[in-house]
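# Descriptive analysis of the structure
So the chains spell out like this:
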Amino acid sequence: MRGGGMGNMQNMMKQMQKMQKKMAEAQEDLGKQQIEGTAGGGMVTVIVSGHKEVLEVKINPEAVDPDDVEMLQDLVLAATNDALKKAEELTNNTMGQFTKGMNLPF
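Below or above, wherever it landed, is the structure these notes cover. Small disclaimer: the values here were computed from a predicted structure and weren't measured. Per chain, residues are indexed from 1 in the order of the written sequence. Where local features are concerned, this predicted model is filtered to residues with pLDDT of at least 70; where side-chain atom pairs are given and counted, the filter is 80 or more; whole-chain, interface and lining totals use all residues. For side-chain calculations, the full set of non-hydrogen atoms in the structure is used, while hydrogens and water are omitted.

### Examining the overall build of the protein
What counts as a helix is a DSSP run of H or I of at least four residues, what counts as a strand is a run of E of at least two, and both are numbered from the N terminus. From N to C terminus, the protein includes 2 helices and 3 strands. Of the regular secondary structure in the protein, the N- to C-terminal order runs α-β-β-β-α. Any residue under 20% of the maximum accessible area for its type is buried, any over 50% is exposed, and the rest in between are partly exposed; the area is computed with a 1.4 Å probe on protein chains only. For the protein, the residues scored as buried account for 22% of the 106 residues in total. Taking all contacts inside the protein whose residues are at least 6 apart in sequence as the whole, residues at least 24 apart take part in 49%. Contact criterion: two residues are considered in contact whenever any of their non-hydrogen atoms come within 4.5 Å of each other.

Structure representation (structure tokens):
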């Protein structure tokens, strides 16, 4: 390799380090995000972080029917899946900007 090639390699390494730092910051920011999923017209709300951790579950007292616990379970499940789906979309949109247009070898 010629001297110019080494300069390009160092420049490329610096660019990669910058990108890694930005990716780490974006990942950290995702963890601070709160994404809300709902079911039953707002009867059940689940809030997750951008790291897909359940932070909070809210259940409207009207959704609590001792004779139909299964419906409440279904609402909690649906609200959780809604929140996790939104968190996944947020993650893909946020982190996808770093790989867009890159020709990564696999």
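### Some remarks on the sheet that holds strand E3 (residues 54–59)
We call two strands paired when DSSP finds no fewer than two bridges between them. Ordered in space as E1-E2-E3, the 3 strands form an open sheet in which the pairing is antiparallel. The two strands at the open ends of the sheet, each matched to only one other strand, are strand E1 (34–39) and E3. Neighbour to neighbour, the strand axes of the sheet diverge by 15 degrees on average, direction disregarded. With 6 bridges connecting them, E1 and strand E2 (residues 44–49) associate as antiparallel partners. The residue bridging isoleucine 35 from the neighbouring strand is valine 48, located in E2. Contacting E1, E2 and E3, helix H2 (residues 69–96) runs over the sheet at an angle of about 145 degrees to E1. Here the axes come from fitting lines to C-alpha atoms, over the contacting stretch only for helices, and the angles between their N-to-C directions go from 0 to 180 degrees.

### Side note on a nonpolar patch on the surface
Only residues whose relative accessible area exceeds 30% and that take part in no salt bridge are eligible for patches, with like-charged residues grouped when within 9 Å of each other and nonpolar side chains (Val, Leu, Ile, Met, Phe, Trp, Tyr) grouped when within 5 Å. Exposure was quantified through the Shrake-Rupley algorithm and a 1.4 Å probe, taking into account, for residues, occlusion by the shown protein chains and nothing else. Throughout this description, the term salt bridge denotes a Lys or Arg side-chain nitrogen within 4 Å of a carboxyl oxygen of Asp or Glu. Together, Met6, Met9, Met12, Met13 and Met16 make up an exposed nonpolar region whose accessible area comes to about 490 Å². In this fold, methionine 6 is placed in helix H1 (residues 3–32).

### Comments concerning the environment of glycine 40
Mapped onto the secondary structure, glycine 40 falls in the loop between E1 and E2. C-alpha of glycine 40 to C-alpha of alanine 78: the two residues are 38 residues apart in sequence and 8.7 Å apart in space.

### Some words on the pairing of E2
Within E2, 6 of the 6 residues are buried, leaving the element largely enclosed by the surrounding structure. Residue alternation in E2 divides its side chains into two sets, Val44, Val46 and Val48 and Thr45, Ile47 and Ser49, and both sets are buried. Here E1 hands over to E2 after 4 residues, with glycine 40 in that stretch at a positive phi of 65 degrees. Relative to E3, E2 is paired through 5 bridges, and the arrangement is antiparallel. For valine 46, the partnering residue across the bridge sits in E3 and is valine 57.

### What to know about the pattern of salt bridges
Considering all chains together, one arrives at 4 salt bridges under this definition. Among the salt bridges present, the one from lysine 58 reaches glutamate 56, with a minimum N-O distance of 3.9 Å.

### Re H2
A helix is expected to reach a length of 1.5 Å times the quantity of its residues less one. With 28 residues, H2 extends 40 Å from end C-alpha to end C-alpha; this agrees with the ideal 40 Å at 1.5 Å per step. By the burial criterion, the buried members of H2 are Leu72, Leu75, Ala79, Thr80, Ala83, Ala87, Thr91, Thr94 and Met95.

### Description of unusual backbone geometry
Residues other than glycine seldom take positive phi values, yet lysine 52 does so here, at roughly 65 degrees. Locating lysine 52 in the fold gives a position in the loop between E2 and E3.

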